[in-house]
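Next come the chains, spelled out residue by residue.
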Amino acid sequence: MFPEVLDAVREVQLPLLAALLLLGAAAKASPRAAGTGVSVLLPERLRRPVTLATCLLEGALAVALLTATGLLGEAARVLTALVFALSVALLLVARRRDPEAGCGCFGGLSRTPIGWRTLTRAGLLAAGAAATVGLAPTGWEVASAPTATHGVVL
């Protein structure tokens, strides 16, 4: 029973992470997203291009978490964990540099100053992404055929 629950906990991370990445990417696509979050660490002229690059990376990772198998799927899972781990470090630096800056996780919607909840959330997402490494199913397979155990875990 316990291994089944642990597998379900790991598996539900795939569609959950993909959904959060897609929402974050969509919010960052807005012109109002430039200059929010960790982009405050960059010179003004680089803020919009870096925000758009982040948007594309998050979108690509979300699609890969949902659909990619084999080595590409594993690379997407590892890269997702690294992106969230890096975001923790960047959020810490942004918080130190500009205590009033929002995280920018969801573009212009994320204006609340970076606090312990934001840092904890990013850390938990990094751990959740790391837990998906080595799983067989894709995020789409988990989302399209959930079990009762998946429901209980959620």
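Residues numbered from 1 in each chain as written. Predicted model: local features only at pLDDT ≥ 70, side-chain atom pairs only at ≥ 80, totals over all residues. Heavy atoms only, no water.

Peer 1: I keep staring at the packing of helix α1 (residues 2-28) against helix α2 (residues 44-67) and nothing clicks. Help me out?
Peer 2: Packed helix pairs are specified by the crossing angle of their axes together with the interaxial distance, meaning the distance between the axes. Two elements in contact, α1 and α2, have axes whose closest approach is 8 Å; the angle formed by their N-to-C orientations is 155 degrees. Relative to α2, α1 is oriented roughly antiparallel. Pair α1 / α2 crosses with left-handed handedness. Only Arg48, Thr51, Leu52, Thr54, Cys55, Glu58, Gly59, Leu61, Ala62, Leu65 and Leu66 of α2 make contact with α1, whose side of the interface consists of Leu14, Pro15, Leu17, Ala18, Leu21, Leu22, Gly24, Ala25 and Lys28. Among the residues making up the contact of α1 with α2, the classes are represented as 13 nonpolar, 4 polar and 3 charged. (Axes fitted to C-alpha atoms, helices over the stretch in contact; angles between N-to-C directions. Helix = DSSP H or I, 4+ residues; strand = E, 2+ residues; numbered from the N terminus. Parallel < 35°, antiparallel > 145°, perpendicular 65-115°, else oblique. Left-handed = near helix turned anticlockwise from the far one by under 90°. Contact = heavy atoms within 4.5 Å. Nonpolar A, V, L, I, M, F, W, Y, C, P; charged D, E, K, R; others polar.)

Peer 1: I'm lost on the side chain of Glu58 in this one. Help?
Peer 2: Mapping Glu58 onto the fold places it in helix α2. Among the polar contacts listed, one links the side chain of Glu58 to the side chain of Lys28, at a separation of 3.2 Å. Apart from the residues within four sequence positions on either side, Glu58 is in contact with Leu21, Gly24, Ala25 and Lys28. (Polar contact = N/O pair within 3.5 Å; in protein donor to acceptor, adjacent residues only side chain to side chain.)

Peer 1: What should I look at first to understand the side chain of Glu11 in this one?
Peer 2: Residue position: Glu11 is located in helix α1. One buried charged side chain, Glu11, makes no salt bridge at all; its nearest oppositely charged neighbour is Arg10, positioned 7.4 Å away. A distance of 2.6 Å separates the side chain of Glu11 from the side chain of His150, its partner in a polar contact. Discounting residues that sit within four places of it in the chain, Glu11 has contacts with Leu135, Pro137, Val142 and His150. (Buried < 20%, exposed > 50% of the residue type's maximum accessible area, 1.4 Å probe, protein only. Lys, Arg positive; Asp, Glu negative; His and termini not counted. Salt bridge = Lys/Arg side-chain N within 4 Å of Asp/Glu carboxyl O.)

Peer 1: For this particular structure, what's the right way to read the pattern of salt bridges?
Peer 2: Pairing between side chains of opposite charge can happen when the charged atoms of each approach one another. Under the criterion given, the structure shown has 3 salt bridges. Across the pair Arg47 and Glu44 runs a salt bridge whose closest N-O atoms are separated by 3.1 Å. Of the two residues, Arg47 and Glu44 both sit in helix α2, 3 residues apart, roughly one turn of that helix. As a salt-bridge pair, Glu74 and Arg77 come within 3.6 Å of each other at their nearest N and O atoms. Taken together, the positions of Glu74 and Arg77, both in helix α3 (residues 70-97) and 3 residues apart, correspond to about one turn of that helix. Arg77 sits in the buried class, given a relative accessible area of 3%.

Peer 1: In this structure, what is going on with helix α4 (residues 116-131)? I would like to understand it.
Peer 2: Count 3.6 residues to each turn of an α-helix, and residues three or four apart come out pointing the same way. Its 16 residues place the ends of α4 22 Å apart at the C-alpha level, agreeing with the 22 Å of an ideal helix rising 1.5 Å per residue. When α4 is considered as a whole, its buried residues turn out to be Thr118, Leu119, Ala122, Leu125, Ala126, Gly128 and Ala129. (Expected span 1.5 Å × (residues − 1).)

Peer 1: Whenever I open this one, the confidence of the model for the protein chain confuses me. Can you help?
Peer 2: Low-confidence regions, as indicated by low pLDDT, have predicted coordinates that should not be scrutinised in detail. In this model, the protein chain carries a mean pLDDT of 89, and residues with pLDDT of at least 70 account for 95%. Per-residue pLDDT, averaged within each element of the protein chain, yields its smallest value for helix α6 (residues 148-153) (85) and its largest for α4 (95). (pLDDT = per-residue confidence, 0-100.)

Peer 1: Teacher, can you tell me more about the nonpolar core here?
Peer 2: The tendency in soluble globular proteins is for nonpolar side chains to be buried side by side. Ranked by size, the top nonpolar core spans 17 residues in total, and within it Leu17, Ala18, Leu21, Leu65 and Phe84 carry the most contacts. The leading source of residues in this core is α2, at 5 residues. Membership of the second largest hydrophobic core comes to 8 residues, among which are Val40, Leu91, Ala101 and Leu119. (Core = buried A, V, L, I, M, F, W, Y, C linked by side-chain atoms within 4.5 Å.)

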